[in-house]
Amino acid sequence: MSLRSLVKMLEKMEKINVDKVIEEFEAITKDAERVQIETLKKILEENGSAEYLQNLGLNGRTDPEAFRDHVPIVTHKDLEPYIQRIADGDRSPVLTRKPITTISLSSGTTQGKPKYLPFNDELTENTLQIYRTSFAFRNREFPTGDGKALLFNFSSKQYKTKGGLAAGTATTNLFRSPHYKNALQTMEFNCCSPDEVIFGSDFHQSLYCHLLCGLIHCEEIQFVFSIFAHSIVLAFRTFEQVWEELCDDIRNGVLSSRVTDFSIRNAMSQVLKPNVELAELIHRKCSGLSNWYGLIPELFPNVKYVFGIMTGSMEPYVKKLRHYAGEMPLVSGDYGATEGWIGANVNPKLPPELATFAVLPNIGYFEFIPLGDNAENIFTEPKPVGLTEVNIGEEYEIIVTNFAGLYRYRLGDVVKIMGFHNSTPELKFVCRRSLLLTINIDKNTEKDLQLSVEEAARLLAQDKLELVDFSSLVDRSTDPGHYVIFWEINGEPTEEVLQECCNCLDRSFLDAGYITSRKINAIGPLELRVVRRGTFQKILDHYLGLGAAVSQFKTPRYICPTNNVVLQIFSNNIAKTYSSIAF
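Describing the overall build of the chain
In terms of helices and strands, the chain carries 21 helices and 22 strands. Viewed in the frame of its principal axes, the chain has a C-alpha envelope of about 70 × 70 × 45 Å. Counting over 583 residues, the chain shows a buried share of 58%. A sequence separation of at least 24 residues applies to 71% of the contacts in the chain between residues at least 6 apart. Accessible area of the chain: about 24,200 Å², with a carbon and sulfur share of 50%. For the chain, the distance from the average position of its 61 positive side-chain charges to the average position of its 73 negative side-chain charges is 3 Å.

In structure tokens, the structure reads:
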């Protein structure tokens, strides 16, 4: 189906037909292998004349065997020269037959700078298909009525590349698409905030107005959403600070002077009217809460669930989100990346820690590199297997071929196969393969870091203290090198507690290579650096200043040596330092 016909269909639909969407999903997943072959054929037929594929000697063949034989597995570095040519204005068929009109920017939080990635109508269509699929399963379990949604969506600015292409974060490109807005309306994603708030020039002003709009429409809100769990937690942490000011705005019908963006003020003047009764009600509710537990259902009594990506680097925010949500269900959003979408959450009743994602076999061609005993041996890396050839319980790295010019592209994500939905696998995200803490023979992943931090943070919780956020780096300036963990804490722990937290962090890395290296002093004592309150907000503000959108922001869990600005922010905000005596 073309994008134009899709849009026409969406415009005609008053509401999405949940049963039909589920029926279509069941059909394509019952014969996933055939659908994969057809999808690859479609991608290669559409783009066979592109320079990149022409140079590989496919000669018009579209079968998986020829594709694997002729097309190499690549990383972004391999495709970067081609993408740069497109960004610089090359309109010839470089990676795709049809010209790329938009460039997406990755968040850049790991390496310190965003990557350019091609974006086109087909990726928009893939996004809408993922959204419709997960909405259908979600709405079957948690039906929402007519009303509004509190969407913490934030768009960054688009700019023009050297060649005149629109460039922005993937979420910005999506939010600015009229097709996206039409589709959301069919899925009852009726945002309670005006568009001017989403596209506001200042994130802090937009967030304030999102909260204000949510309160004004509090009885109508059916669910709370943001792309990432981090944004929802940040929103309600902010609410704790500004709730009385929000009540004053509602009471007087006058928007706070903190909002200076003219377009936002003008749009909010149509929404905000004096309402003393509502202001008093909100004030009573907030005053009656114990440490803000159950804030979301208290403020929004008709909310059915809280929705957003809560896996991977977002999992550390689930505990705080559950605190705000009380007994309200938390539903993890779908699985994808700036490069494109992979799978939909079709089991919305599973808690975020157990969330799985069913791969849609018609939105791209997927291969999987087994990560067994030889996973780290570069000389014997196993050959990739197809979508339906994966084994339950095993871990793989995903390779993606999409409709926007990425062919056999290493996504870098490690996933575990938890089962199958019909014949398509259900994946659980494990970690980013490239994000490793390693000095000697040790290999600790992002997940290992998270588990170590969770174990140590329990010591804070015993004193009713809260870990706000964390990150890490490998310090090779010492001999031997050692791990450094950055913590921001809400409260004032004692020296004894922080020293024990540092020891616990060190002990909780269970990788055999790490433990052995620590015992023989091939790796030095772990260092815990406690940073001042607001340090992680400064890091967020840094990325927002570079043009990132908060809805795409991921706190960097591992700081690369090249990420000088973030390293400097941490360095300038160290409050206390502790060295482990665990070994």
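Observations regarding the packing of aromatic side chains
Summed over the entire model, instances satisfying the criterion amount to 22 aromatic pairs. Relative to Phe 509, the ring of Tyr 483 has its centre 5.3 Å away and its plane inclined at 85°; by these criteria the two rings are edge-to-face. Highlighted residues: Tyr 483 in strand β20 (residues 482-490) and Phe 509 in the loop between α18 (495-507) and α19 (512-519), separated in sequence by 26 residues. Taken together, Phe 142, Phe 223, Phe 225, Tyr 305 and Phe 307 form an aromatic cluster joined through their ring pairs. Between Arg 138 and the ring centre of Phe 307, over which it is positioned, the NZ or CZ distance is 3.7 Å. One Lys or Arg, Arg 557, reaches over the ring of Phe 470 and ends 4.2 Å from the middle of that ring.

Looking at the confidence of the model for the chain
Averaged over every residue, the pLDDT of the chain is 88; the share at 70 or more is 91%. Scored below 50 in pLDDT, residues 1-13 makes 18 contacts in the model with residues more than four places away or belonging to other chains. This stretch, residues 374-378, has a pLDDT under 50; its non-local contacts, to residues over four places away or in other chains, come to five contacts.

Notes on the pairing of strand β7 (residues 305-309)
Across the five residues of β7, five count as buried, placing the element largely inside the fold. By the bridge criterion, four bridges tie strand β6 (residues 221-228) to β7 in an arrangement that is parallel. Across the sheet, Phe 225 pairs through a bridge with Phe 307, a residue of β7. The pairing of β7 with strand β8 (residues 330-332) spans three bridges and is classified as parallel. Note on β8: the bridge partner recorded for Gly 308 is Ser 332. For the handedness criterion, the β-α-β arrangement of β7, helix α16 (residues 318-325) and β8 is classed as right-handed.

Some thoughts on the environment of Thr 577
In this structure, Thr 577 sits in strand β22 (residues 574-579). Separated by 46 residues in the primary sequence, Thr 577 and Val 531 have C-alpha atoms spaced 8.9 Å apart. Excluding anything up to four places from it in sequence, Thr 577 contacts Glu 527, Leu 528 and Arg 529.

A look at the sheet that holds strand β1 (residues 102-105)
The strand order across the open sheet formed by four strands is β2-β1-β5-β4, and the pairing between neighbours is mixed. Looking at strand neighbours, the two that pair on one side only are β2 (116-119) and β4 (159-160), the edges of this open sheet. Here helix α6 (residues 76-87) sits on the sheet and contacts β1 and β2; the angle it forms with β2, its principal contact strand, is near 65°.

Some details on the pattern of salt bridges
Two side chains with opposite charge may pair up if their charged atoms get near one another. Under the defined criterion, the tally for this structure stands at 25 salt bridges. Arg 34 is paired through a salt bridge with Glu 38; the nearest N and O atoms lie 2.8 Å apart. A residue pair is termed a helical-turn pair when its members lie 3 or 4 positions apart in one helix, as Arg 34 and Glu 38 do in helix α3 (residues 32-47) at four residues. Between Arg 85 and Glu 51 there is a salt bridge, with the nearest N and O atoms lying 2.8 Å from each other. Of this pair, Arg 85 sits in helix α6 while Glu 51 sits in helix α4 (residues 51-54), placing them 34 residues apart in sequence. For Arg 85, a relative accessible area of 30% corresponds to the partly exposed category.

With respect to the sheet that holds strand β15 (residues 409-421)
The sheet built from eight strands is open, its strands ordered β9-β10-β11-β16-β15-β14-β12-β13 with antiparallel pairing. Looking at which strands have only one partner, the edges of the open sheet turn out to be β9 (335-337) and β13 (385-386). As judged from the three bridges shared by β9 and strand β10 (residues 340-344), these two strands associate in the antiparallel manner. Bridging from a neighbouring strand, Gly 336 pairs with Trp 341 of β10. The strands touched by α3 within the sheet are β12 (365-370), β14 (395-401) and β16 (424-432), with β12 carrying the most contacts at an inclination of about 115°.

A few points about the nonpolar core
Proteins that are soluble and globular tend to have nonpolar side chains buried together. Counting residues in each nonpolar core, the largest one holds 141 residues, and the members touching the most others are Phe 236, Phe 239, Phe 300 and Val 306. Per element, the largest residue contribution to this core is 12 residues, and it comes from helix α12 (residues 229-252). Formed by 30 residues, the second largest nonpolar core is a distinct cluster that contains Leu 465, Leu 467, Ile 485 and Cys 501.

A closer look at α3
Its 16 residues place the ends of α3 22 Å apart at the C-alpha level, agreeing with the 22 Å of an ideal helix rising 1.5 Å per residue. All buried positions along α3 are accounted for by Ala 32, Val 35, Gln 36, Thr 39, Leu 40, Ile 43, Leu 44 and Asn 47. Mapping the buried residues of α3 onto a view down its axis gives an arc of 165°, with all of them on the same face.

A few points about unusual backbone geometry
With an omega dihedral of 0°, the bond running from Asp 479 to Pro 480 counts as a cis peptide bond. Summarising the element assignment, Pro 480 is placed in the loop between β19 (466-475) and β20. You will see that Lys 464, though not glycine, has its phi angle at about 55°, which is positive.

Some remarks on the side chain of Asn 345
With respect to the element layout, Asn 345 can be found in the loop between β10 and β11 (357-359). Polar contacts involving the side chain of Asn 345 include one to the main-chain amide nitrogen of Asn 347, which spans 3.0 Å. In contact with Asn 345, other than residues within four places in its own chain, are Ser 134, Phe 137, Val 331, Ser 332, Asp 334, Thr 356 and Phe 357.

Regarding the side chain of Glu 527
Secondary-structure assignment places Glu 527 in strand β21 (residues 527-531). The class for Glu 527 is buried, based on a relative accessible area of 14%. A polar side-chain atom of Glu 527 sits 2.8 Å from a polar atom in the side chain of His 482. Here the side chain of Glu 527 touches Arg 529 through a polar contact of 3.0 Å, side chain to side chain.

What to know about α12
Given 3.6 residues per helical turn, the α-helix brings residues three or four places apart onto the same face. The end-to-end C-alpha distance of α12, which contains 24 residues, comes to 32 Å, matching closely the 34 Å that a straight helix rising 1.5 Å per residue would cover. Phi for Gly 253, located one or two positions after α12, is positive at around 70°.

Conventions adopted
- Residues numbered from 1 in each chain as written.
- Predicted model: local features only at pLDDT ≥ 70, side-chain atom pairs only at ≥ 80, totals over all residues.
- Heavy atoms only, no water.
- Helix = DSSP H or I, 4+ residues; strand = E, 2+ residues; numbered from the N terminus.
- Buried < 20%, exposed > 50% of the residue type's maximum accessible area, 1.4 Å probe, protein only.
- Contact = heavy atoms within 4.5 Å.
- Areas by Shrake-Rupley, 256 points an atom, 1.4 Å probe, with all protein chains shown as cover.
- Lys, Arg positive; Asp, Glu negative; His and termini not counted.
- Charge placed at Lys NZ, Arg CZ, Asp CG, Glu CD.
- Phe/Tyr/Trp six-rings, centres within 6.5 Å; stacked < 30°, edge-to-face > 60°.
- Lys NZ or Arg CZ within 6 Å of the ring centre and 35° of its normal.
- pLDDT = per-residue confidence, 0-100.
- Pairing = 2+ DSSP bridges.
- Right-handed = clockwise from strand over helix to strand, strands pointing away.
- Axes fitted to C-alpha atoms, helices over the stretch in contact; angles between N-to-C directions.
- Salt bridge = Lys/Arg side-chain N within 4 Å of Asp/Glu carboxyl O.
- Core = buried A, V, L, I, M, F, W, Y, C linked by side-chain atoms within 4.5 Å.
- Expected span 1.5 Å × (residues − 1).
- Arc of directions from axis to C-beta.
- Polar contact = N/O pair within 3.5 Å; in protein donor to acceptor, adjacent residues only side chain to side chain.

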